[in-house]
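Single-letter residue listing:
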Amino acid sequence: MTNWSSRPTWERTLLLTVEQVTAGYGRLEVLHDVSLHVEEGEIVTVLGPNGTGKTTLLRMLSGALNPWSGSVSFAGSKLNKLLPERRSALGLCQLPEGRGIFQTLTVGENLNLGTVNGRGSAADRRGDLERVLAIFSELAGRLTAQAGSLSGGQQQMLALGRAVMSRPKLLMIDELSFGLAPRVVSDLFKVITELRDNGMTFLIVEQQAAALRISDRTYVMRNGRNQLDRTSADLLKSEDLVSSYLRG
Ligand SMILES: Nc1ncnc2c1ncn2[C@@H]1O[C@H](COP(=O)(O)OP(=O)(O)OP(=O)(O)O)[C@@H](O)[C@H]1O
Ligand SMILES: [Mg+2]
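A quick note: this is a predicted structure, and the numbers were derived from the prediction, not measured.

Reading guide: rules and limits
Residues numbered from 1 in each chain as written. Chains lettered and ligands numbered in written order. Predicted model: local features only at pLDDT ≥ 70, side-chain atom pairs only at ≥ 80, totals over all residues. Heavy atoms only, no water. Salt bridge = Lys/Arg side-chain N within 4 Å of Asp/Glu carboxyl O. Helix = DSSP H or I, 4+ residues; strand = E, 2+ residues; numbered from the N terminus. Buried < 20%, exposed > 50% of the residue type's maximum accessible area, 1.4 Å probe, protein only. Pairing = 2+ DSSP bridges. Axes fitted to C-alpha atoms, helices over the stretch in contact; angles between N-to-C directions. Contact = heavy atoms within 4.5 Å. Near = heavy atom within 4 Å. Polar contact = N/O pair within 3.5 Å; in protein donor to acceptor, adjacent residues only side chain to side chain. Nonpolar A, V, L, I, M, F, W, Y, C, P; charged D, E, K, R; others polar. Left-handed = near helix turned anticlockwise from the far one by under 90°. Domains from an automatic or database assignment. Buried area = accessible area lost by both parts, 1.4 Å probe.

Novice: I'd like a description of the pattern of salt bridges, backed by residues and values.
Specialist: Per the counting criterion, the structure on display carries seven salt bridges. A salt bridge links Glu42 to Arg217; its shortest N-O distance comes to 2.7 Å. Of the two residues, Glu42 is situated in the loop between strand S2 (28-39) and strand S3 (43-47) and Arg217 in strand S9 (residues 217-222); the sequence distance between them amounts to 175 residues. Between Asp128 and Arg131 there is a salt bridge whose closest N-O contact spans 2.7 Å. Residue Asp128 and its partner Arg131 are both found in helix H4 (residues 122-135); the two are separated by three residues, about one turn of the helix. The same class applies to Asp128 as to Arg131, namely buried. In the salt-bridge network here, residues are joined through shared partners; they are Asp128, Arg131 and Arg167.

Novice: Quick rundown of the sheet that holds strand S8 (residues 202-206)? Include the residues and the values.
Specialist: In spatial order, the strands read S6-S7-S8-S3-S9-S10; together these six strands make up an open sheet with mixed pairing. The sheet terminates laterally at strand S6 (92-94) and strand S10 (225-231), the two strands that pair on one side only. Along the sheet, successive strands turn relative to each other by an average axial angle of 20°, direction set aside. The sheet contact formed by S3 and S8 spans five bridges and is parallel. Across the sheet, Leu47 pairs through a bridge with Glu206, a residue of S8. The sheet contacts of helix H1 (residues 54-62) involve S3, S6, strand S7 (170-174), S8 and S9, and relative to S7 the element is tilted by about 150°. Where helix H9 (residues 239-246) meets the sheet, it contacts S3, S9 and S10, and its direction lies at approximately 155° from that of S10.

Novice: For the site of ligand 1, give the residues involved together with the corresponding values.
Specialist: The environment of ligand 1 is made up of 14 residues, and the closest members are Gly51, Lys54, Thr55, Thr56 and Gln207. Contacts to ligand 1 include Thr55, whose side-chain N or O atom sits 2.8 Å from an oxygen atom. Here an oxygen atom of ligand 1 sits 2.5 Å away from a polar atom, N or O, in the side chain of Thr56. Sorting the residues of the shell around ligand 1 by element identifies S2 and H1 as the ones contributing at least two each. Among the elements that line the shell around ligand 1, the one with the most residues is H1, at four residues. Classifying every residue of the shell around ligand 1 by side-chain character gives four nonpolar, seven polar and three charged.

Novice: Mind laying out unusual backbone geometry, listing which residues take part and the relevant values?
Specialist: Positioned with a positive phi, Gln20 is a non-glycine residue whose angle comes to about 45°. As for its position among the elements, Gln20 is in strand S1 (residues 14-25). The backbone of Arg167 shows a phi angle near 50°, a positive value even though the residue is not glycine. Relative to the elements of secondary structure, Arg167 occurs in the loop between helix H6 (152-165) and S7.

Novice: Go over the packing of H4 against H6, please, and point to the residues and values.
Specialist: With their axes 10 Å apart at the nearest point, H4 and H6 run at an angle of 145° to one another. Like other packed secondary-structure pairs, H4 and H6 cross with a definite hand, here right-handed. Facing Arg125, Asp128, Leu129 and Val132 of H4, the residues of H6 in contact are Gly161, Val164 and Met165. Looking at the contact of H4 with H6 residue by residue, the classes come out as four nonpolar, one polar and two charged.

Novice: Can you lay out the environment of Lys54 for me, pointing to particular residues and giving the numbers?
Specialist: Of note, Lys54 is situated in helix H1. We classify Lys54 as buried; its relative accessible area is 5%. A sequence separation of 169 residues divides Lys54 from Asn223, and the C-alpha atoms of the two residues are 9.8 Å apart.

Novice: Break down the domain arrangement of the protein chain for me, citing the residues and quoting the values.
Specialist: Parsing the protein chain into structural domains produces domain 1 (13-91 + 168-180 + 199-248) and domain 2 (96-167). In this structure, domain 1 and domain 2 have C-alpha centres spaced 25 Å apart. When domain 1 packs against domain 2, close to 720 Å² is buried across both sides, 67% of that on carbon and sulfur atoms. Counting the surface domain 1 buries against domain 2, the share from its top three residues, Pro168, Leu176 and Leu180, is 53%. Along the contact surface separating domain 1 from domain 2 lie zero salt bridges. The element contributing the most residues to the side of domain 1 that touches domain 2 is S7, with three residues.

See below:
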């Protein structure tokens, strides 16, 4: 399989940097001095309990919310007040909440919609579709099925496949596992790992420690603050510590 990234994996570059960001709603400060970074080719997870500010962090990164202070840069550009559409043009994309699948269109049509804002020639797009189908094998046999007839897990796969078709530099995912059975979550995690091995980069926010198994690095966040910044392998060795943070 062709690699999505032309850069060898040992030449990692910094893709996203968040430095001492505060942000919130009205007068409510939700994020307090949050700092994190994501390198190209990594799966980075932000783990934290209910109401800690994970969705707020992703909203701030996708441009729905401006930071009050601190700075955010992506692929060499300062983002702070950049409009959401400019951010996605730079390759900073988020899997839509509620999956954003067009229920009455087929699986194939939904996947091809991922390329509307994408780059490249028709041949490139056909190549992308082939690569996506090689990884998303569950979708390959269902290209002509109506998206609305798929199970919840398959729809999440389709949403992910469609996002991949738009060739994001960094794909942000809010609670991928939400409402899905553990087996389905583990299939999705497998696909994400395979995509990472093909050069894609992910920032995932999760309440469930299961995400530790697939991420390279993990930030634990509580009450809008970074509490821990470790390799995921380190955190897996301290499960008690992690569960104490996740209790909120
Ligand atoms: N639109 C909003 N207006 C005002 N306050 C909000 C808004 N959205 C979220 N909040 C508050 O911000 C805080 C963080 O919420 P956020 O949704 O970012 O947390 P979360 O970590 O994503 O939680 P969850 O696990 O429930 O998804 C909470 O106190 C919440 O009540
Ligand atoms: Mg949330």
